[in-house]
Amino acid sequence: MPPTTPPKTITILNATGVQGSSVLHYLLHTTPHHIRAITTSPPSTAARHLPPLPDHPNLTIHQLPVSELFNPHSLRAALAGTNILFLTTNSNAPNFISKHGSDREDRAGGQSESESDFIKLILDILTSDDHEEGLRGSLELVVMSTLPGLGDVGSWNTDFREKGMGMEYAKGLVEKRKGNTGGGGLRIVYLELGWYYNNFLIQHPLEVRKVDGVDVVEVGMAGADEDVKGPWVSSYTDLGPIVYAIIKNPEPYLNTEIFITGEWLSLKDIARIYSKVTGQKTRVIHTTPTAHVADFPSITGTPAEKEWAYISGIYNGGYYGRGVSTDVAEELIRGVEGRGLKSFERWLVDAKVDAMKEGFGEVVRRSREVYGGRVFV
């Protein structure tokens, strides 16, 4: 009888977030490994607003109080014995300091507590030669959800700035630790996701208004030009399988960036596809720019022009300009699911999105996982 491989411990940071919950629920249903879910959300909060953490014999939930988020001892305890880490962070979490550009301040005691500082702390703990015996030598792989920094334009976007700084720090550690087999080596895969389809249910919700006596569904996104295409993805349904495929065979993807997007869509495309699926009339609207972008110092023009220049810079500098391809992500998901990345049309059908349905907005807020196209059970 061939020897059996003992189960590994897969730790998921931010396990009740958009990305963490996708990975968590998919791995629980596809692997024999032990899953440790780390969350700062109290159980009562998670129960009200997030996909539930199911009862499962292979699942351990580790509550990490927000007050302990930057405590190295608490983080070591949470990560002890981890073989594989899915590292994802929420750029807009209230527990992170978020300042534009270099205008960042330290909290009491001189410790900066930004998202990038948290990512650096996690990576330092994972690769330290001095950490406690429970973690030394156990780590095999980090799968890191991140974004490129994008220089000046990205410095005014929390997601790109902080995640980009975290990724560059990780790459520096990889180079520094090459050949270190004493617990300080670092094997890492970087995942870069497009914008979530379900943003049009939560962050940029579809609105229904009377236009000449007819109900019309309005599609809008602050400052975005209706004709320029951006990257979109079904994060709930597609991220989990991709992470699973990487865990099964990480070698071809080590130290590479994998871009994950289902479709490149403009607001016009989104309105057209929604109308095709639902039969409802749609139109694209222009919404008010956000305050911080209207004040972007290196862009001139009206607030709306500044907003669009900013978003255009994010798309062109971050995605088009970097010549990214989704071929690797397509290959990964087909290998485990037998399908490609989910299109916006397929997502609308699977999620049964209907902006005209009574109480639709409240249903979305209470059942986020359903509108991701996968009912987690």
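Source: prediction; values computed, not measured.

The rules behind the values
All residue numbers refer to positions counted from 1 along the written sequence of the respective chain. Predicted model: local features are reported for residues with pLDDT of at least 70 only, side-chain atom pairs are reported and counted for 80 or more only, and whole-chain, interface and lining totals are derived from all residues. The side-chain numbers reported here are obtained from all heavy atoms of the structure, hydrogens and water having been left aside. As a rule, the C-alpha atoms of each element are fitted with a line to give its axis, helices using only the stretch in contact, and angles between N-to-C directions run from 0 to 180 degrees. By definition, any uninterrupted DSSP run of H or I lasting at least four residues is a helix, any uninterrupted run of E lasting at least two residues is a strand, and each is numbered from the N terminus. Put simply, a crossing is left-handed when the front helix is turned counterclockwise from the back one by less than a right angle, and right-handed when it is turned clockwise. Should any heavy atoms of two residues lie within 4.5 Å, those residues are considered in contact. Each residue is assigned to one class: nonpolar for Ala, Val, Leu, Ile, Met, Phe, Trp, Tyr, Cys and Pro, charged for Asp, Glu, Lys and Arg, and polar for all the others, Gly among them. Buried means the residue's accessible area, taken with a 1.4 Å probe over protein chains only, is under 20% of the maximum for its type, while exposed means over 50%, and partly exposed covers the values in between. Two strands qualify as a pair provided that DSSP identifies no fewer than 2 bridges between them. We count a salt bridge whenever a side-chain nitrogen from Lys or Arg sits within 4 Å of a carboxyl oxygen from Asp or Glu. Side-chain atoms within 4.5 Å are what join buried Ala, Val, Leu, Ile, Met, Phe, Trp, Tyr and Cys residues into a set we call a nonpolar core. The criterion for an aromatic pair is that two Phe, Tyr or Trp rings (for Trp, the six-membered ring) have centres within 6.5 Å, with stacked assigned to planes under 30 degrees apart, edge-to-face to planes over 60 apart and tilted to the rest. Over a ring means this: the NZ of a Lys or the CZ of an Arg is within 6 Å of the ring centre and within 35 degrees of the ring normal. By definition, the arc is the one covered by directions from the helix axis to the C-beta atoms. Reported orientations rely on four angle classes, namely roughly parallel under 35 degrees, roughly antiparallel over 145, roughly perpendicular from 65 to 115, and oblique for the rest.

## Some points on the packing of helix α3 (residues 72-79) against helix α4 (residues 115-127)
- The interhelical angle for the contact between α3 and α4, taken along N-to-C directions, is 60 degrees, at an axis separation of 10 Å. In the crossing of α3 with α4, the sense of the turn from one axis to the other is right-handed. Where α3 approaches α4, its residues P72, L75, R76 and L79 are matched on the opposing element by F118, L121, I122, I125 and L126.
- Taken together, the residues of the contact of α3 with α4 break down into 8 nonpolar, no polar and 1 charged.

## Here we look at the pairing of strand β9 (residues 214-220)
- Extensive coverage of β9 is indicated by the burial of 5 of its 7 residues.
- Hairpin connection from strand β8 (residues 207-211) to β9: 2 residues lie between these consecutive antiparallel strands, with D212 at a positive phi of about 55 degrees.
- In the sheet, β9 pairs with strand β13 (residues 282-285) via 4 bridges, with the strands oriented parallel. Each residue of the ladder has a partner; that of V219, found in β13, is V284.

## Describing the pairing of strand β5 (residues 141-145)
- Burial analysis of β5 places 5 of its 5 residues in the buried class, the great majority of the element.
- Residues L141, V143 and S145 point to one face of β5 and V142 and M144 to the other, with burial holding for every one of them.
- The pairing of strand β4 (residues 84-87) with β5 spans 4 bridges and is classified as parallel. In the strand pairing of β5, L85 is matched with V142.
- In the sheet, β5 pairs with strand β6 (residues 188-193) via 4 bridges, with the strands oriented parallel.

## With respect to the pattern of salt bridges
- In total, this model carries 18 salt bridges according to the counting rule given.
- Notably, a salt bridge pairs R187 with E251, separated by 2.9 Å at the nearest N-O pair. Taken together, the residues R187 in the loop between α6 (158-177) and β6 and E251 in the loop between α7 (235-248) and β11 (257-260) connect sequence positions 64 residues apart.
- Residue classification places R187 among the partly exposed positions, given a relative accessible area of 33%.

## Topic: the sheet that holds β8
- Judged by pairing direction, the sheet is mixed, and its 3 strands sit side by side in the order β8-β9-β13 without closing on themselves. The sheet terminates laterally at β8 and β13, the two strands that pair on one side only. Averaged over all pairs of adjacent strands, the angle between their axes in this sheet comes to 45 degrees, without regard to strand direction.
- Running at roughly 160 degrees to β13, helix α8 (residues 267-278) makes contact with β9 and β13 of the sheet.

## Some thoughts on the nonpolar core
- Within the largest apolar cluster, 37 residues are counted, with the highest numbers of intra-cluster contacts made by L191, I246, I258 and I260.
- It is α7 that contributes the most residues to this core, 8 residues altogether.
- Non-local contacts of L191, meaning those with residues more than four positions away in its chain, are made with F86, V143, M144, S145, T146, L239, V243, I246, I258 and I260.
- Counting residues in hydrophobic clusters, the runner-up holds 29 residues, among them F70, L121, V174 and L186.

## Description of the environment of L28
- Within the secondary structure, L28 sits in helix α1 (residues 18-30).
- Put simply, L28 and H56 are 28 residues apart on the chain and 7.8 Å apart in space, counted from C-alpha to C-alpha.

## Focus on the packing of aromatic side chains
- With the rule as written, the count across this model stands at 7 aromatic pairs.
- Between F70 and F118, the aromatic rings sit 5.8 Å apart at their centres with planes inclined by 70 degrees, giving edge-to-face as the arrangement. Here F70, found in the loop between β3 (59-63) and α3, pairs with F118, found in helix α4; they are 48 residues apart in sequence, far enough to count as distant.
- According to the relative accessible area criterion, F118 is buried, its value standing at 4%.
- An aromatic cluster of three or more residues is present, and its members are Y197, F344 and W347.
- Across from the ring centre of Y190, 5.7 Å away, lies the NZ or CZ of K171, which sits over that ring.

## Looking at helix α11 (residues 327-337)
- Here α11 has its buried residues at A329, L332 and I333. Summarising the axial view, the buried residues of α11 lie within an arc of 90 degrees, below the 170-degree limit, and thus occupy one face. Among the exposed residues of α11, those oriented more than 90 degrees off its buried face are D327, E331 and G335.
- The inward-facing, buried residues of α11 contact α7 and β11.

## Considerations on unusual backbone geometry
- For N14, which is not glycine, the phi dihedral falls at a positive 55 degrees.
- Examined against the element boundaries, N14 turns out to sit in the loop between β1 (9-13) and α1.
- In this structure, N255 takes a positive phi of about 60 degrees despite not being glycine.
- Position of N255 relative to the elements: it lies in the loop between α7 and β11.
- On the basis of relative accessibility, which here comes to 40%, the residue N255 falls in the partly exposed class.

## Regarding the packing of α8 against helix α12 (residues 344-351)
- Here α8 crosses α12 at 45 degrees, and the two axes come no closer than 10 Å. In terms of their interaxial angle, α8 and α12 are classed as oblique. The chirality of how α8 crosses α12 is right-handed. Mapping the contact onto sequence places I270, I273, Y274, K276 and V277 in α8 and F344, E345, L348 and V349 in α12.

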